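Chain by chain, the residues:
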Amino acid sequence: MPGRARGLYRRILLLHRALPPALRALGDRYVKEEFRKHKAAGPAEAQRFLREWENYAALIQQQINEDKQNLRGKTVYGIQLTEEKLDDFRDEQIGQLKELMDEATKPIKKVTISKDSEHKN
């Protein structure tokens, strides 16, 4: 199992390289945290965990390929979670999902530098 998890982890991080920079940073951070948290998972939980991440990797790969072929007008990654799927989540997972959503929808901070702010010696 550890070899399978490591290979999947690497595959996901490689896939993220095709994402926009902000989305890549967010995704990489989330993947790293989740894989770290599940290192000591029992066999049944580890199987579920890997299966869900394999589904995620397949979906992102498909969406990246579609974008490369311009098959989609607007670039949107991921899927909408159904109510049924959300009902299967534990309270902790719902909290993580909310944190992820908050992080993903934060306004982008723009930094502007004007000539007036330059230091003169």
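A brief look at the structure comes next.

Reading guide: rules and limits
Residues numbered from 1 in each chain as written. Predicted model: local features only at pLDDT ≥ 70, side-chain atom pairs only at ≥ 80, totals over all residues. Heavy atoms only, no water. Patch = residues over 30% accessible without salt bridge, like charges linked within 9 Å, V, L, I, M, F, W, Y side chains within 5 Å. Areas by Shrake-Rupley, 256 points an atom, 1.4 Å probe, with all protein chains shown as cover. Salt bridge = Lys/Arg side-chain N within 4 Å of Asp/Glu carboxyl O. Lys, Arg positive; Asp, Glu negative; His and termini not counted. Charge placed at Lys NZ, Arg CZ, Asp CG, Glu CD. Helix = DSSP H or I, 4+ residues; strand = E, 2+ residues; numbered from the N terminus. Core = buried A, V, L, I, M, F, W, Y, C linked by side-chain atoms within 4.5 Å. Buried < 20%, exposed > 50% of the residue type's maximum accessible area, 1.4 Å probe, protein only. Contact = heavy atoms within 4.5 Å.

1. What to know about a negative patch on the surface
Right, so step 1: Taken together, the side chains of E83, E84, D87 and D88 present a region of like negative charge at the surface.
Right, so step 2: As for its placement among the helices and strands, D87 is situated in helix α4 (residues 83-87).

2. Observations concerning the nonpolar core
Right, so step 1: By size, the foremost hydrophobic cluster in this structure holds 11 residues: L8, I12, L15, V31, F35, F49, L50, W53, A57, I60 and I64.
Right, so step 2: Secondary structure elements with two or more residues in this core: α1 (2-16), α2 (21-37) and α3 (43-68).
Right, so step 3: No other element matches the six residues that α3 contributes to this core.
Right, so step 4: Excluding anything up to four places from it in sequence, F49 contacts E34, F35 and H38.

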